[in-house]
Amino acid sequence: MKKILFTLVLVLATQFAFSQDKPSKAEVEQVIEKSGASGQMAAAKKQVLSMIPKEKQAAFVVEFDALIKKVSDATVELYIQEYTKEDIKAMLAFYNSPVGKKMAEKSEIIAQKSQESMVALQGEMQALVMKYMQ
């Protein structure tokens, strides 16, 4: 009986110690928000929304936002698996710094301009791929 009790206590203590190293969902969500990821999503949403007929845009936005929520939830879980609590604290410190805040503020415009430059290069990329596919 003592062995079972000792084993149970050891397992619970190990689990508790291990879980202390993992960041909380709220901490990770804060990092993702402060990183400017929402600005990047807003840029993508604007681009896609411009291709949807006006009369269907409201319905599209509802479904798009629900899909983005799933993506966000999956991203949070990935951060929790891959980063420690200390990593997340360091990220938050960076994103709360002046440069981190500037990165977040500029994320939407950077994403938009990146998308525009990729569209401009799309023809060249297709030609390059075709050249080497033959």
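Given the structure is predicted, the values throughout are model-derived calculations rather than measurements.

Caption draft 1: Structural view of the nonpolar core. Val28, Val31, Ile32, Val76, Ile80, Ile88, Met91, Leu92 and Tyr95 form the largest nonpolar core, which has nine residues in total. Among the elements that take part in this core, helix α5 (residues 85-95) stands out by supplying four residues, more than any other. The residues touching isoleucine 88, leaving out its near neighbours within four places in the chain, are Pro23, Glu27, Val28, Val31, Tyr79 and Tyr83.

Caption draft 2: Looking closely at the packing of aromatic side chains. Tallied over the entire structure, the rule returns three aromatic pairs. Ring plane angle 65 degrees and centroid distance 5.1 Å describe the contact between phenylalanine 94 and tyrosine 95, whose orientation is recorded as edge-to-face.

Caption draft 3: Molecular detail of the pattern of salt bridges. Summed over all chains, the structure comprises five salt bridges. With a shortest N-O distance of 2.8 Å, lysine 45 and aspartate 65 are connected by a salt bridge. Of this pair, lysine 45 sits in helix α3 (residues 37-49) while aspartate 65 sits in helix α4 (residues 54-82), and the two are 20 residues apart along the sequence. According to the relative accessible area criterion, lysine 45 is partly exposed, its value standing at 21%. As a salt-bridge pair, glutamate 86 and lysine 89 come within 3.8 Å of each other at their nearest N and O atoms.

What counts as what
- Residues numbered from 1 in each chain as written.
- Predicted model: local features only at pLDDT ≥ 70, side-chain atom pairs only at ≥ 80, totals over all residues.
- Heavy atoms only, no water.
- Core = buried A, V, L, I, M, F, W, Y, C linked by side-chain atoms within 4.5 Å.
- Buried < 20%, exposed > 50% of the residue type's maximum accessible area, 1.4 Å probe, protein only.
- Helix = DSSP H or I, 4+ residues; strand = E, 2+ residues; numbered from the N terminus.
- Contact = heavy atoms within 4.5 Å.
- Phe/Tyr/Trp six-rings, centres within 6.5 Å; stacked < 30°, edge-to-face > 60°.
- Salt bridge = Lys/Arg side-chain N within 4 Å of Asp/Glu carboxyl O.

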